[in-house]
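# Fold and geometry: a report
One-letter residues, chain by chain:
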Amino acid sequence: MHYHGKALEELLVSAESQECLTVGVYESAKVMNVDPDCVAFCVLATDEEYECDIALQIHFTLIQAFCFDNGIDIVRVNDTQRLAEILGNTDESGEPKDVHCILITNPSEDTLDDPALEKLSLFCEECRSFNEWVPAITLPEC
């Protein structure tokens, strides 16, 4: 499982450097609404602090349904703090990043060609064959 966590970390770093990352529930919803074909991969993240947040769980349900309908691979991560560390803890205004939903998007006019994305897509496909529709991934420690 750590193999997939490392691949996810590599994908996030690579996508961020190519400006192919959308971070935040509302920002992700906007991208999905405007251009769903540009979305290559989705990460939903929560931790114990947010497990009982009904509004967040409703957003997750809607995002999952959207991803399923549009053939977008999706994984779940249970460590928002580690995700924030990978992506930088704050946004441009100094506020903590909302890492509950992260989209990896394709660059304009092309598809994102990343070995880590391919590994994760194969992992998701394998999990679906065992009826695990949103597999959980554990990120490696820093």
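The structure under discussion appears in the preceding block.
One structure accompanies this document, and this report is about it. Throughout, residues of each chain are indexed from 1 in the direction in which the sequence is written. Local features in this predicted model are restricted to residues of pLDDT 70 or higher, and side-chain atom pairs are both shown and tallied only at a pLDDT of 80 or more, whereas totals for entire chains, interfaces and linings draw on every residue. Calculated side-chain values reflect all of the structure's heavy atoms, with hydrogen atoms and water omitted.

### As for the state of the cysteines
To keep things clear, this is the line we draw: A pair of cysteine sulfur atoms is labelled a disulfide when the two atoms are within 2.5 Å. Relative accessibility decides the category of a residue: with a 1.4 Å probe and only protein chains considered, values under 20% of the type maximum give buried, values over 50% give exposed, and everything between is partly exposed.
Under the counting rule described, the total for this entry stands at zero disulfides. Its sulfur unpaired, C124 is 6.5 Å from the next cysteine sulfur, which belongs to C127. You can call C124 buried: its relative accessible area is 1%.

### Some points on the packing of helix α1 (residues 2–17) against helix α5 (residues 115–129)
Operational definition: Interaxial angles span 0 to 180 degrees and are taken between N-to-C directions of axes, which are lines fitted to C-alpha atoms, for helices over the stretch in contact. Numbering of helices and strands runs from the N terminus, with a helix taken as a DSSP run of H or I at least four residues long and a strand as a DSSP run of E at least two residues long. Angular relationships are summarised with four words: roughly parallel below 35 degrees, roughly antiparallel beyond 145, roughly perpendicular across 65 to 115, and oblique for the angles in between. Two helices crossing with the near one rotated counterclockwise from the far one by less than a right angle form a left-handed crossing, whereas a clockwise rotation gives a right-handed crossing. Throughout, a contact is declared for two residues whenever any of their heavy atoms are within 4.5 Å.
As a packed pair, α1 and α5 sit with axes 8 Å apart at the nearest point and diverge in direction by 135°. Taken together, α1 and α5 sit at an angle that is classed as oblique. Like other packed secondary-structure pairs, α1 and α5 cross with a definite hand, here left-handed. The residues of α5 that touch α1, namely those facing Y3, H4, A7, L8, E10 and L11, are A116, L117, K119, L120 and F123.

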